[in-house]
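Next come the chains, spelled out residue by residue.
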Amino acid sequence: MDRSSVVVVGAGIAGVACAVELTRAGVPVQVRERGHVRGGRMASKRFQGRPADIGAAYFTATDPDFAALVEQWRAAGLVREWTDTFRAYDRSGNREVAGPMRFAAPGGLRSLVEHLAGTVPVTVDRLVLSVEPGPIVDGEPCAAVALAMPGPQAALLLDPALTDATRVVQAQRWSPSLAAVLRFPHRRWSGFRGAFVNEHPVLNLVCDDGDRRGDAAPVLVAHTVPEFAAGHLAQPTGAGPAIEQAVRDLLGLPEQAVDVHVHRWTYAKPTSAAGAATHHLDADGIGLAGDAFGKPRVQSAWRSGRDLGRALAARLA
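Since the structure is predicted, the reported quantities are computational estimates derived from the model, not experimental observations.

**Side note on helix H3 (residues 110–117)**
Piece 1. Summarising burial for H3: six of the eight residues are buried, a large majority.
Piece 2. Within H3, the full set of buried residues consists of Arg110, Ser111, Leu112, Val113, Leu116 and Ala117.
Piece 3. Contacts from the buried residues of H3 go to helix H1 (13–24), strand E3 (44–47), helix H2 (64–75) and helix H9 (298–316).

See below:
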């Protein structure tokens, strides 16, 4: 590894946004991703050739700079306006709830991270084991390192002597979730785009994947509450029948799903705020980025990575 390179660990949207800024500034960068693909929690998985989003369900754009990026994606045909109205279910019934415009990606949200990465070098299936003062990544010195991942995962890599970075990640709190893709033989629902589910023992959010993708496929994606997910992290597939039944009960669906795929997110959502900072960068050249620095949104993760990339480029100039 070139000592002048910045190593970015994690190829979700925060890590990729960080790497893009460094590349624009002329700083050599390497992105290392332990998974098989780029995207992080903007995850999409194909079922019979069709993508379904199993991580983030959608995104909104209120930051002007992020909105400009979204417009680029839209001009390229990568995103579409989905809906500004969801249903809200609770014990008293259901009602429509208006909100901001939610964007979706016909090719899956992961396609946006891949597009943003462009020619930035990303090495997948590359597990990083340690980050030490120097900074040193897996025994190799580098110019700086950016950890773009949930705090509990970053804590496993950091040397305890890195008091600033370690303190920041140890202060983060995260909740789990399960995401279930339910493929049905027919569309037995209409006028349904998505729903927030309140006061429910299993469900938190249900989205019509055929509607958000624009192909009318009979596919729903359900996200569970943390308490239910916590009891099924060891065997997530075992939660499939309970999730399917909960969705069918909620929407009054007469038919069983032809297929249920359950994905585990041990660290799905940050539940503790990191203050006003959009990222962390300590004196040792160890940076942290992600949606824990702000509201748990795609936009927050992108802005965090971008700002860390700019801070690193300024320090190394």
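**Examining the packing of H1 against H9**
Piece 1. Between H1 and H9, whose axes approach to 7 Å, the crossing angle comes to 35°. Here H1 and H9 pass one another in a crossing that is right-handed. Where H1 approaches H9, its residues Ile13, Ala14, Ala17, Cys18, Glu21 and Leu22 are matched on the opposing element by Val298, Ala301, Trp302, Gly305, Arg306, Leu308, Gly309, Arg310, Leu312 and Ala313.
Piece 2. Of the residues that constitute the contact of H1 with H9, the class distribution is eleven nonpolar, two polar and three charged.

**Description of the side chain of Arg183**
Piece 1. Its place among the elements puts Arg183 in strand E12 (residues 174–183).
Piece 2. Within the local environment of Arg183, its side chain forms a polar contact with the side chain of Gln48, the two groups lying 3.3 Å apart.
Piece 3. Not counting residues within four places of it along the chain, the set of residues in contact with Arg183 comprises Phe47, Gln48, Pro218, Val219, Ala257, Val258 and Asp259.

**A closer look at the pattern of salt bridges**
Piece 1. If you walk through the whole model with that rule in mind, you get 22 salt bridges.
Piece 2. With a closest N to O distance of 2.7 Å, Arg50 and Asp215 form a salt bridge. Taken together, the residues span a long stretch of sequence, with Arg50 in strand E4 (residues 50–53) and Asp215 in the loop between helix H6 (209–213) and strand E15 (219–224) at a distance of 165 residues.
Piece 3. A single network of salt bridges, built from pairs that share partners, joins Arg50, Asp53, Asp209, Arg212, Arg213 and Asp215.

**What about the sheet that holds strand E14 (residues 203–208)?**
Piece 1. In spatial order, the strands read E6-E5-E13-E14-E15-E12-E16; together these seven strands make up an open sheet with mixed pairing. Edge positions in the open sheet fall to strand E6 (93–104) and strand E16 (259–270), since each of these has one partner strand only. The sheet shows a mean angle of 20° between the axes of neighbouring strands, direction not considered.
Piece 2. With five bridges connecting them, E12 and E15 associate as antiparallel partners. If you follow Leu182 over to E15, its bridge partner there is Leu220.
Piece 3. The strands touched by helix H8 (residues 240–251) are strand E5 (80–90), E12, strand E13 (194–197), E14, E15 and E16; relative to E14, the strand with the most contacts, the crossing angle is about 70°.

**Thoughts on the packing of aromatic side chains**
Piece 1. The final tally for this structure, using the stated rule, is ten aromatic pairs.
Piece 2. A ring pair is formed by Tyr58 and Trp82, whose centres lie 6.3 Å apart and whose planes are at 55°; its orientation type is tilted. In this pair, Tyr58 sits in the loop between E4 and H2 while Trp82 sits in strand E5, placing the two residues 24 residues apart along the sequence.
Piece 3. For Trp82, a relative accessible area of 9% corresponds to the buried category.
Piece 4. Geometrically, the ring pair formed by Tyr58 and Phe86 is edge-to-face, given 5.6 Å between the ring centres and 85° between the ring planes. Taken together, the positions of Tyr58 in the loop between E4 and H2 and Phe86 in strand E5 put the pair 28 residues apart, joining distant regions of the chain.
Piece 5. A relative accessible area of 1% means that Phe86 is categorised as buried.
Piece 6. What links up through ring pairs into an aromatic cluster is the set Phe59, Phe66, Trp73, Phe103 and Trp302.
Piece 7. If you follow Arg102 out to its NZ or CZ, it ends over the ring of Tyr58, 5.4 Å from the centre.
Piece 8. Looking at Arg102, its charged tip hangs above the ring of Phe86, at a distance of 4.3 Å from the centre.

**Thoughts on the side chain of Arg110**
Piece 1. By the element assignment, Arg110 lies in helix H3.
Piece 2. Among the polar contacts made by the side chain of Arg110, one reaches the side chain of Glu114 at a distance of 2.6 Å.
Piece 3. Leaving out residues up to four positions away in the same chain, Arg110 has contacts with Val37, Arg38, Gly39, Met42 and Ser44.

**Overview of the domain arrangement of the chain**
Piece 1. Segmentation of the chain into domains returns domain 1 (6–36 + 124–171 + 272–316) and domain 2 (64–107 + 174–270).
Piece 2. Relative to domain 2, the C-alpha centre of domain 1 lies at a distance of 29 Å.
Piece 3. On the domain 2 side, the residues contacting the 13 residues of domain 1 number eight residues.
Piece 4. Carbon and sulfur atoms supply 77% of the area buried between domain 1 and domain 2, which totals about 960 Å² over both sides.
Piece 5. Along the contact surface separating domain 1 from domain 2 lie one salt bridge.
Piece 6. For Arg306, the salt bridge is made with Asp65, and the minimal N-O distance between the two is 2.8 Å.

Calculation criteria
- Residues numbered from 1 in each chain as written.
- Predicted model: local features only at pLDDT ≥ 70, side-chain atom pairs only at ≥ 80, totals over all residues.
- Heavy atoms only, no water.
- Buried < 20%, exposed > 50% of the residue type's maximum accessible area, 1.4 Å probe, protein only.
- Helix = DSSP H or I, 4+ residues; strand = E, 2+ residues; numbered from the N terminus.
- Contact = heavy atoms within 4.5 Å.
- Axes fitted to C-alpha atoms, helices over the stretch in contact; angles between N-to-C directions.
- Left-handed = near helix turned anticlockwise from the far one by under 90°.
- Nonpolar A, V, L, I, M, F, W, Y, C, P; charged D, E, K, R; others polar.
- Polar contact = N/O pair within 3.5 Å; in protein donor to acceptor, adjacent residues only side chain to side chain.
- Salt bridge = Lys/Arg side-chain N within 4 Å of Asp/Glu carboxyl O.
- Pairing = 2+ DSSP bridges.
- Phe/Tyr/Trp six-rings, centres within 6.5 Å; stacked < 30°, edge-to-face > 60°.
- Lys NZ or Arg CZ within 6 Å of the ring centre and 35° of its normal.
- Domains from an automatic or database assignment.
- Buried area = accessible area lost by both parts, 1.4 Å probe.

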